[in-house]
Amino acid sequence: MSNLLEVKEVSKNFGDFKALNKVSITVPKGSIFGLLGPNGAGKTTLIRVINQITMPDYGKVHLDGELLNPIHIKDIGYLPEERGLYKSMKVGEQALYLAQLKGLSKAEARTRLKYWFERLEIGDWWNKKIQELSKGMAQKIQFVVTVLHQPKLLIFDEPFSGFDPINANLIKDEILRLREEGATVIFSTHRMESVEELCDDIALIHKSNKILDGKLIDVKRQYKINTYEVGIRTNNKESLEQELANKFETSIANFKTLEDELKLNIKLSETDTPNDLLNYLTSKGELSHFVELIPSVNDIFIQTVKNN
Amino acid sequence: MNHLPLIIKREYLTKVKNKSFIIMTILSPVIMIALIAFVAYLSQLNNDKVRVISILDESGLVQDVFKSTETTVYNKLEGMSLEEAKIISKETDSYGLLYIDRFDDIETVSKHIKFYSEESPSITFISDLEIKLGEKLTNLQLRKNDIDIELINTSKISVNIAQESFTGEKTSTVDSIIKLVFGLAAGYLLFMFIIIYGNMIMRSVIEEKTSRIIEVIISSVKPVQLMLGKIIGTSLAGITQFIIWMVFGGLLMTIVSLVLGVNLLETETPQQELMQMASEGIDFKYLFESFKTSLENLPVMNLIIAFILFFVCGYLLYSSLYAAIGAAVDNETDTQQFLFPIMVPLILAVYIGIFTVIEDPHGTVSTVFSFIPLTSPVVMLMRIPFGVPLWQQLVSLLLLIGTFMFTVWFAAKIYRVGILMYGKKPSYKELIKWIKY
């Protein structure tokens with residue numbers, strides 16, 4: 001599978017402030033790419049470089065094999081975090097205008113808008129002014145405008161903020177459907193659970209530098225901690241706990257169970273295998289719970305940012 | 001992709017469809033006409049009021065000078081002291097008391113005339129009294145010295161200098177007045193246009209920033225395109241408004257004049273000037289002829305071409321600055337400190353135009369300021385009706401175009417960075433830094 005977007009060693013300075021320092025990312029075609037980082041890390045600057053809003057001082061960006069140029073404006077759909085619409089303009093007129101700016105003809109834009117408005121059941125908003133709509137309603141219009149010109153690359157910056165859970169789910173399903181239809185998605189958010197759920201690849205930017213990137217699963221493997229969460233039923237909890245603590249690195253675990261079990265996190269040394277632990281534990285009591293602890297994106301995020 | 005026409009169309013349509021714009025377009029001429037009519041009505045009302053003036057003439061010299069009219073009644077008092085006269089004129093609610101003391105010779109009398117009143121009288125009223133009394137006393141003095149007044153009157157000669165330029169163009173005083181009116185109107189029009197529509201552009205930029213749509217838009221179009229589209233679209237809306245004002249205003253003016261039977265135009269300067277001349281004994285036919293030749297004498301083609309060029313360049317220069325200010329700030333209250341430096345040259349231009357161009361259209365001050373780019377559009381437009389050498393016009397225009405291009409480039413830089421900056425109000429130092437981003 002080839003890459004849709006390749007950002008190579010892009011740097012950008014604002015006066016004395018370095019906003020991006022030789023940042024490179026590659027976004028595979030058809031993937032959902034999570035762009036993560038603390039506030040002020042440089043994510044928005046990177047997104048603006050990709051959108052040709054900001055010109056990089058150094059480095060190159062290739063979209064679908066071509067050096068980024070103004071023709072690519074129609075190939076990108078961007079939903080910024082700071083978003084809004086003309087308050088006193090009617091929904092329909094406004095959507096038509098924004099679609100035309102992305103290079104659609106008026107007739108084509110109208111047909112597609114009708115389709116989308118019906119799909120999201122917002123057809124009767126056409127003649128309303130934005131100021132008459134709620135924030136969530138305006139967000140829906142914005143989403144439609146972002147995807148209307150069927151861009152190859154979709155960039156969403158915090159797409160779910162302002163939505164109730166039902167609408168957030170609706171938008172999530174639409175994003176997944178667009179991916180099915182061949183779009184590539186860059187997804188910037190602070191909601192780690194959506195990253196877990198949606199992203200195939202991630203990159204983490206911190207203090208203007210990229211400090212981590214790759215397939216989500218590879219990143220997780222890399223951050224594997226070799227720790228297992230176990231629950232065991234025994235008559236003598238204290239002595240077993242003591243025994244395990246002598247043998248392994250343990251800590252108290254917390255999860256829901258039906259009986260009063262001994263709950264521990266057990267970290268294996270490099271020489272031990274999970275099977276050794278399993279055999280050992282079954283000899284000591286009735287095992288009710290045995291799960292490998294996989295680091296969450298949240299943990300990885302916090303750990304990496306702290307270490308840097 | 002060139003989206004400029006699309007942006008211009010949107011800017012134009014949103015402005016024109018805007019409720020307050022429509023209301024302003026219709027209401028402004030109505031209010032203006034109503035105001036003029038109201039002032040005309042008030043001044044009539046003022047004239048209708050009868051003004052009583054008490055006169056105590058102890059010298060007996062000026063008895064026949066004051067004859068009561070519809071609006072002024074002279075109440076001649078006799079056989080009482082000054083103090084009594086003061087009390088009476090107060091009781092009769094007089095505008096004031098004119099007191100002429102008794103002396104033997106006329107000159108001393110003239111030096112001891114006094115006017116007592118509750119409030120200080122108007123200057124025109126006093127000078128009117130002075131002229132009347134002066135005339136009467138002069139005549140008395142002449143007669144006393146045995147000089148024939150009739151002879152003096154018939155010997156008076158009035159001179160009317162015919163003016164002609166070296167190339168043979170005839171000019172007259174009427175000519176200069178017409179040139180002045182054209183020049184002032186053109187300069188002032190540009191001034192008004194810049195202020196009204198420059199502000200409108202600024203507000204529309206701020207609106208895009210506060211509604212946060214700006215980032216969506218500039219991911220599709222270049223900021224410079226958006227800025228130019230905004231300026232052109234708003235200007236077209238402005239021209240539309242101006243045309244409606246002129247047509248509608250003219251129409252209303254005619255209707256109101258017909259209905260009220262008042263010629264509102266009389267209140268305007270040139271007409272007044274003409275009326276004054278007419279009353280001074282210049283015959284009307286000659287005046288009309290000279291009016292016509294004056295119009296024909298104006299460098300019409302030059303005027304039209306120069307008007308368009310200077311107006312467009314001057315307006316674009318200032319409006320791009322307004323756009324940059326709009327981009328630099330978050331809300332309208334923050335604009336003041338940046339508006340000040342662009343208002344100064346603009347107001348300076350208008351004052352220089354009014355004070356020095358009238359005095360001497362080709363003097364050093366007006367010539368210099370008609371070259372300086374920020375003041376040149378207004379000052380040059382005021383000078384051109386008086387005939388400005390072509391080379392001066394061209395140099396001034398080239399300077400203006402050069403500055404205009406630099407300003408648009410500069411404003412575009414500020415605009416490009418500013419529209420994405422939120423939060424704190426930038427300082428001038430930061431604005432300069434933005435140019436390097």
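Residues numbered from 1 in each chain as written. Chains lettered and ligands numbered in written order. Predicted model: local features only at pLDDT ≥ 70, side-chain atom pairs only at ≥ 80, totals over all residues. Heavy atoms only, no water.

- Looking at an unreviewed UniProt entry, one finds chain B named ABC transporter permease and attributed to Flavivirga aquimarina.
- Of the comments in the UniProt record for chain B, the one headed Subcellular location (unreviewed entry) reads "Cell membrane". (UniProt positions renumbered as here; feature names shortened; annotations may be inferred.)

- An unreviewed UniProt entry lists chain A under the name ATP-binding cassette domain-containing protein, with Flavivirga aquimarina as the source organism.
- What UniProt records for chain A under Sequence similarities (unreviewed entry) is the sentence "Belongs to the ABC transporter superfamily."

Let's talk about the overall build of chain A
Move 1: Within chain A, the secondary structure is distributed over 10 helices and 14 strands.
Move 2: Computed over C-alpha atoms, the radius of gyration of chain A comes to 25 Å, more than 25% over the 19 Å expected from 2.2 N^0.38 for 308 residues, which places it beyond the range of a compact globule.
Move 3: Referenced to the eigenvectors of the C-alpha coordinate spread, the extents of chain A come out at roughly 75 × 45 × 35 Å.
Move 4: Counting every position in chain A, which comprises 308 residues, the buried fraction comes to 50%.
Move 5: For chain A, the proportion of contacts with a sequence separation of at least 24, taken over those separated by at least 6, is 70%.
Move 6: Carbon and sulfur atoms provide 47% of the accessible area of chain A, an area that totals close to 15,000 Å².
Move 7: Of the charged side chains in chain A, 41 are positive and 43 negative, and the gap between their average positions amounts to 7 Å. (Helix = DSSP H or I, 4+ residues; strand = E, 2+ residues; numbered from the N terminus. Rg over C-alpha atoms; globule rule 2.2 N^0.38 Å. Buried < 20%, exposed > 50% of the residue type's maximum accessible area, 1.4 Å probe, protein only. Contact = heavy atoms within 4.5 Å. Areas by Shrake-Rupley, 256 points an atom, 1.4 Å probe, with all protein chains shown as cover. Lys, Arg positive; Asp, Glu negative; His and termini not counted. Charge placed at Lys NZ, Arg CZ, Asp CG, Glu CD.)

Some thoughts on unusual backbone geometry
Residue and element names in this part refer to chain A.
Move 1: Non-glycine residue Lys22 carries a positive phi angle of around 45°.
Move 2: Structurally, Lys22 is set in strand β2 (residues 17-28).
Move 3: Owing to a relative accessible area of 55%, Lys22 belongs among the exposed residues under this scheme.
Move 4: Not every positive phi belongs to a glycine, and Lys207 is a case in point at roughly 45°.
Move 5: Judged by its relative accessible area of 57%, Lys207 falls in the exposed class.

Observations regarding the environment of Ala306(B)
Residue and element names in this part refer to chain B.
Move 1: Within the secondary structure layout, Ala306 lies in helix α12 (residues 300-328).
Move 2: With 54 residues separating them in the primary sequence, Ala306 and Asp360 have C-alpha atoms 20 Å apart.
Move 3: Excluding residues that lie within four positions of it along the chain, Ala306 makes contacts with Phe311, Leu381, Ile384 and Gln393.

Notes on the domain arrangement of chain B
Move 1: Partitioning chain B into domains gives domain 1 (50-151) and domain 2 (172-237 + 292-436).
Move 2: Computed from C-alpha coordinates alone, the two centres of domain 1 of chain B and domain 2 of chain B are separated by 56 Å. (Domains from an automatic or database assignment.)

Thoughts on the interface of chain A and chain B
One widely used convention gives an interface's size as the accessible area the parts lose upon coming together.
Move 1: If you look at the interface, chain A gives 26 residues, while chain B gives 23 residues.
Move 2: Roughly 2,600 Å² of surface becomes buried between chain A and chain B when both sides are summed, with 59% attributable to carbon and sulfur atoms.
Move 3: Area buried by chain A at its contact with chain B is led by Ile53(A), Tyr86(A) and Leu101(A), which between them contribute 26% of it.
Move 4: On the surface where chain A and chain B come into contact, there are 3 salt bridges.
Move 5: The partner of Arg48(A) in a salt bridge is Glu215(B), and the shortest N-O contact between them spans 2.9 Å.
Move 6: Our count for the chain A to chain B interface comes out at 7 residue pairs in polar contact (both at pLDDT 80 or more).
Move 7: Secondary structure elements with two or more residues in the side of chain A that touches chain B: β1 (3-14), α1 (43-50) and α2 (91-101) of chain A.
Move 8: Here the element with the most residues in the side of chain A that touches chain B is α2(A); it accounts for 6 residues.
Move 9: Its residues assigned to classes, the side of chain A that touches chain B shows 11 nonpolar, 7 polar and 8 charged. (Buried area = accessible area lost by both parts, 1.4 Å probe. Salt bridge = Lys/Arg side-chain N within 4 Å of Asp/Glu carboxyl O. Polar contact = N/O pair within 3.5 Å; in protein donor to acceptor, adjacent residues only side chain to side chain. Nonpolar A, V, L, I, M, F, W, Y, C, P; charged D, E, K, R; others polar.)

Here's the deal with the UniProt feature "domain: ABC transporter" (unreviewed entry) in chain A
Move 1: Following the UniProt record, the feature "domain: ABC transporter" (unreviewed entry) maps to residues 5-232 of chain A here.
Move 2: From the first C-alpha to the last, residues 5-232 of chain A spans 49 Å; its make-up is 33% helix and 30% strand.

Regarding the confidence of the model for chain B
All names here are of chain B.
Move 1: Chain-level pLDDT for chain B is 81 on average; 88% of the residues reach the 70-or-more range.
Move 2: Least confident of the elements in chain B is helix α10 (residues 269-279), whose mean pLDDT is 49; most confident is helix α1 (residues 4-17), at 91.
Move 3: Note on residues 264-274: pLDDT under 50 across the span, and 15 contacts to partners over four residues away in sequence or across chains.
Move 4: Here the predicted complex scores 0.75 on pTM and 0.80 on ipTM. (pLDDT = per-residue confidence, 0-100.)

Here we look at the sheet that holds β2(A)
Residue and element names in this part refer to chain A.
Move 1: Pairing within the open sheet is antiparallel, and its 4 strands lie in the order β2-β1-β4-β5. Across the chains shown, the open sheet's two edge strands, defined by having one partner strand only, are β2 and β5 (66-67).
Move 2: As defined by bridge partners, strand β4 (residues 58-63) adjoins β5 across 2 bridges and the pair is classed as antiparallel. Counterpart to His62 in the pairing with β5 is Leu67. (Pairing = 2+ DSSP bridges.)

Some thoughts on the pairing of β2(A)
Regular strands place their side chains on alternate faces of the sheet.
Residue and element names in this part refer to chain A.
Move 1: Alignment of β1 against β2, held across 8 bridges, turns out to be antiparallel. If you follow Phe14 over to β2, its bridge partner there is Phe17.
Move 2: Counting the residues between successive antiparallel strands, the hairpin from β1 to β2 contains 2 residues, one of them, Gly15, with a positive phi of roughly 65°.

Concerning the pattern of salt bridges
Residues and elements named next belong to chain A.
Move 1: Taken as a whole and judged by the stated rule, the model has 30 salt bridges over all chains.
Move 2: Note that Glu6 is salt-bridged to Lys8, the shortest N-O span being 3.6 Å.
Move 3: By relative accessible area, Lys8 is classed as partly exposed at 39%.
Move 4: With a shortest N-O distance of 3.4 Å, Arg221 and Asp218 are connected by a salt bridge. With Arg221 and Asp218 both in helix α7 (residues 216-222), this residue pair falls 3 residues apart, about one helical turn.
Move 5: The exposed category is assigned to Arg221, whose relative accessible area is 56%.

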